[in-house]
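A look at the structure
Next come the chains, spelled out residue by residue.
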Amino acid sequence: MPTIRAQGKTIQGQPDANLRRVLLDQGIDLHNGNAKLINCRGIGSCGTCAVHIEGNLPPRNWKEKARLALPPHSLDAEALASSDRRLACQIQIPNSPQGHLKISKGEGFWGQHDTIRWGPE
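Here is a short report on the structure shown in this document. (Residues numbered from 1 in each chain as written. Predicted model: local features only at pLDDT ≥ 70, side-chain atom pairs only at ≥ 80, totals over all residues. Heavy atoms only, no water.)

Within the protein, the regular secondary structure consists of 3 helices and 6 strands. When the helices and strands of the protein are placed in sequence order, the string is β-β-α-β-α-α-β-β-β. For 121 residues, the compact-globule estimate of 2.2 N^0.38 gives 14 Å, and the C-alpha radius of gyration of the protein, at 13 Å, lies within 12% of that figure. Across its three principal directions, the C-alpha atoms of the protein cover 35 × 30 × 25 Å. Counting every position in the protein, which comprises 121 residues, the buried fraction comes to 46%. On the protein, roughly 6200 Å² of surface is accessible, and the fraction owed to carbon and sulfur atoms is 52%. Averaging the positions of the 15 positive and the 11 negative side-chain charges in the protein gives two centres separated by 7 Å. (Helix = DSSP H or I, 4+ residues; strand = E, 2+ residues; numbered from the N terminus. Rg over C-alpha atoms; globule rule 2.2 N^0.38 Å. Buried < 20%, exposed > 50% of the residue type's maximum accessible area, 1.4 Å probe, protein only. Areas by Shrake-Rupley, 256 points an atom, 1.4 Å probe, with all protein chains shown as cover. Lys, Arg positive; Asp, Glu negative; His and termini not counted. Charge placed at Lys NZ, Arg CZ, Asp CG, Glu CD.)

Right, dumping it as structure tokens:
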């Protein structure tokens, strides 16, 4: 079963479960500040669940590409290709033995900054 390291916790992730839901259920502070109250609840439109992810994940879907290309994220195609920034609400936990993930959250309302608020340890 894949493991997820986030905010000093190690979580056993159920394969194919939604990463946003798993993190919130485990008490991980996925949203910064008032984004806890003002977010899209997982439909991929707000971008407040943006996290940096180390691990073997499938390519971004169209919702991630579109949202991460808009302010405040504003990653162009080249930056998006090299970035580890993903929307937790659009990630299904990998169903493979190599599906281990390390999650970090950036500073800023949307987690858009490269300065890390919290990391996997």
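Read on, since the account is not over.
In this section: the nonpolar core. With 25 residues, the main nonpolar core has I4, L19, L23, I53, L101 and I103 as its most contacted residues. Mapped by element, the contributors of at least two residues to this core are β1 (3-6), α1 (19-25), β3 (50-54) and β5 (101-106). (Core = buried A, V, L, I, M, F, W, Y, C linked by side-chain atoms within 4.5 Å.)

All right, on to the pattern of salt bridges then. Here the idea is simple: oppositely charged side chains can pair when their charged atoms come close. A complete count under the given rule lists 5 salt bridges for this structure. Of the charged contacts, one joins R5 and E121 as a salt bridge, the two residues approaching to 2.6 Å between their closest N and O atoms. Here the residue R5 occupies a position in strand β1, and E121 occupies one in the segment after β6 (116-118), the gap between them amounting to 116 residues. Ionic pairing is found between E64 and R86, a salt bridge with its closest N-O pair at 2.8 Å. You can see E64 sitting in helix α2 (residues 62-68) and its partner R86 sitting in strand β4 (residues 85-87), a full 22 residues away along the chain. Accessibility classification places E64 together with R86 in one group, the buried group. (Salt bridge = Lys/Arg side-chain N within 4 Å of Asp/Glu carboxyl O.)

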